[in-house]
Amino acid sequence: MKIIREPLALKEYLQTVKSRLGFVPTMGALHEGHLSLIQKAKAENDFVVVSIFVNPTQFLQGEDLESYPKKEAADIKICELAGVDVLFMPNASAMYEKDEVSLQAPNVRGYVLEGTSRPGHFSGVLTVVMKLLNLVNPSRAYFGKKDAQQLHLIGLMVKNLYMNVTIVAVDTVRESDGLAMSSRNVYLSKEEHQEALKISASLKTATNLVMQKNFSVAEIKAAMRQTLAPLEVVYVEILNRDFEPLHELEVGNSVILVEALVGSTRLLDNIWL
Ligand code: AMP
């Protein structure tokens, strides 16, 4: 496995690669969720590039940019064992100039849900993903359904800007107790981990209602909030796959999203029904 830290060195190196290239962008502190993206990329391509970059422009003032978990040595091992061909690990100063061109997330879909409490977050995400895709120029890029709004906005960027890459969505990997895997789970104490199980339980509540043929968005959301109590709910939302509001859940075209604070850790989860 080759480790590259300079953006233009990566671009130059990859120009010699003629095979189908799969790309998995991450912020590191790799877990089994990331690994499933890498494995899917391995299965569907001849050459796999993984990036590890904690992108400063997607963090707001006061967020956990400085304390975001870092496990460089373990991450390198994981990528090596998974058969990654190139691991790209740049510094922020190598990726950004002081005064830059950047992308703007869409005014509505970029500023609802996670974008309400993190305005500008998705502009930072889209800008770095665009930079990374331009450096790597992959046939396919892999993103987790766990970050459903991010996945949706990246799909929209590729469509709106006529980009030549296929975005592949990968199912959420969970702990055996149901908690969606996340690098931020290390912030949780044992007690908080138990509390956090209410998040996946609320999605189960929703699924059970839908199985009983209750499609009322208002009723499903109310039942989910009951399951989530006493957690501080940031949002519970039921949207169609284009991220537009629904009154009645449409099976096969819906996504149920939840974000809650457990202690001071914000956790996301969702289910596609
Ligand atoms: P991150 O390092 O958190 O920015 O995540 C990098 C990629 O891994 C994103 O596309 C995430 O959606 C994806 N990802 C994170 N957690 C999981 C998970 N539990 N299951 C599947 N994909 C995940």
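Cut-offs used in this document
- Residues numbered from 1 in each chain as written.
- Predicted model: local features only at pLDDT ≥ 70, side-chain atom pairs only at ≥ 80, totals over all residues.
- Heavy atoms only, no water.
- Helix = DSSP H or I, 4+ residues; strand = E, 2+ residues; numbered from the N terminus.
- Rg over C-alpha atoms; globule rule 2.2 N^0.38 Å.
- Buried < 20%, exposed > 50% of the residue type's maximum accessible area, 1.4 Å probe, protein only.
- Domains from an automatic or database assignment.
- Buried area = accessible area lost by both parts, 1.4 Å probe.
- Salt bridge = Lys/Arg side-chain N within 4 Å of Asp/Glu carboxyl O.
- Polar contact = N/O pair within 3.5 Å; in protein donor to acceptor, adjacent residues only side chain to side chain.
- Nonpolar A, V, L, I, M, F, W, Y, C, P; charged D, E, K, R; others polar.
- Core = buried A, V, L, I, M, F, W, Y, C linked by side-chain atoms within 4.5 Å.
- Contact = heavy atoms within 4.5 Å.
- Near = heavy atom within 4 Å.
- Areas by Shrake-Rupley, 256 points an atom, 1.4 Å probe, with all protein chains shown as cover.
- Pairing = 2+ DSSP bridges.
- Axes fitted to C-alpha atoms, helices over the stretch in contact; angles between N-to-C directions.

With that out of the way, let us pick up the overall build of the protein chain. Scanning the protein chain for helices and strands turns up nine helices and nine strands. Here the C-alpha radius of gyration of the protein chain, 19 Å, is about what a compact globule of 273 residues would show, namely 19 Å. C-alpha atoms of the protein chain, sized along the principal axes, occupy 55 × 40 × 40 Å. When burial is assessed residue by residue, the protein chain has 51% of its 273 residues classed as buried.

Before going further, it helps to spend a moment on the domain arrangement of the protein chain. Taken domain by domain, the protein chain comprises domain 1 (2–170) and domain 2 (187–272). Taking only C-alpha atoms into account, the centre of domain 1 sits 26 Å from that of domain 2. Summed over both partners, the interface of domain 1 with domain 2 comes to about 1300 Å²; 65% of that surface belongs to carbon and sulfur atoms. Between the two partners, domain 1 and domain 2, sit zero salt bridges. On the surface where domain 1 and domain 2 come into contact, there are six residue pairs in polar contact (both at pLDDT 80 or more). At the level of secondary structure, the elements contributing two or more residues to the side of domain 1 that touches domain 2 comprise helix H5 (114–117) and helix H7 (148–160). Element by element, the count of residues in the side of domain 1 that touches domain 2 is highest for H7, at four residues. Taken together, the residues of the side of domain 1 that touches domain 2 break down into five nonpolar, four polar and seven charged.

What follows concerns the nonpolar core. It is characteristic of soluble globular proteins that their nonpolar side chains tend to be buried jointly. Within the largest apolar cluster, 34 residues are counted, with the highest numbers of intra-cluster contacts made by Leu 10, Leu 14, Val 49, Met 95, Val 129, Leu 133 and Val 136. Residue assignment for this core shows that the elements contributing at least two residues are helix H1 (7–14), strand E2 (21–26), strand E3 (47–52), strand E4 (86–88), helix H6 (121–136), strand E5 (140–144) and H7. The element that contributes the greatest number of residues to this core is H6, accounting for 10 residues. Those residues in contact with Val 136 that sit more than four places away from it in its chain are Leu 10, Leu 14, Leu 21, Phe 23 and Val 49. Core analysis: the second largest hydrophobic core is formed by 25 residues, Met 224, Val 236, Ile 256 and Leu 267 among them.

Another aspect to go through is the site of the ligand. Around the ligand, 17 residues are found, and the nearest of them are Met 27, His 34, Asp 147, Val 173 and Met 181. Note that an oxygen atom of the ligand is positioned 2.8 Å from one of the side-chain N or O atoms of His 34. Between Met 181 and the ligand, the recorded distance is 2.8 Å, taken from a backbone N or O atom to a nitrogen atom. Burial of the ligand by the protein amounts to 93% of the accessible area it has alone, namely 480 Å².

What follows covers the sheet that holds E2. Strands pair in a sheet through their backbones, by hydrogen bonds, and they do so in one of two ways: parallel or antiparallel. Ordered in space as E1-E4-E3-E2-E5-E6, the six strands form an open sheet in which the pairing is parallel. Of all strands in the sheet, those with a lone pairing partner are strand E1 (2–4) and strand E6 (166–170), marking the two edges. Neighbour-to-neighbour, the strand axes of the sheet open up by a mean angle of 25°, direction not taken into account. Relative to E5, E2 is paired through two bridges, and the arrangement is parallel. When the bridges of E5 are listed, Gly 22 appears paired with Arg 140. Those strands touched by helix H2 (residues 32–44) are E2, E3, E5 and E6, and its axis lies near 155° from that of E5.

Here we take up the pattern of salt bridges. In total, this model carries 12 salt bridges according to the counting rule given. Across the pair Lys 131 and Glu 100 runs a salt bridge whose closest N-O atoms are separated by 3.1 Å. A residue pair is termed long-range when its members are at least 10 positions apart, and Lys 131 in helix H6 and Glu 100 in the loop between helix H4 (92–95) and H5 qualify at 31 residues. According to the relative accessible area criterion, Glu 100 is partly exposed, its value standing at 29%. In this structure, Glu 237 and Lys 221 form a salt bridge, with 3.1 Å as the shortest nitrogen-oxygen distance. One end of the pair, Glu 237, is in strand E7 (residues 232–240); the other, Lys 221, is in helix H9 (residues 217–228), with 16 residues separating them in the sequence. The partly exposed category is assigned to Glu 237, whose relative accessible area is 22%. Within this structure, Glu 63, Glu 114 and Arg 118 form a network of salt bridges that share partners.

The next subject is the environment of Lys 198. Within the fold, Lys 198 resides in helix H8 (residues 190–211). Separated by 28 residues in sequence, Lys 198 and Gln 226 place their C-alpha atoms 9.7 Å apart. Dropping the residues within four chain positions of it, Lys 198 is found in contact with Thr 227, Leu 228, Ala 229, Pro 230 and Leu 231.

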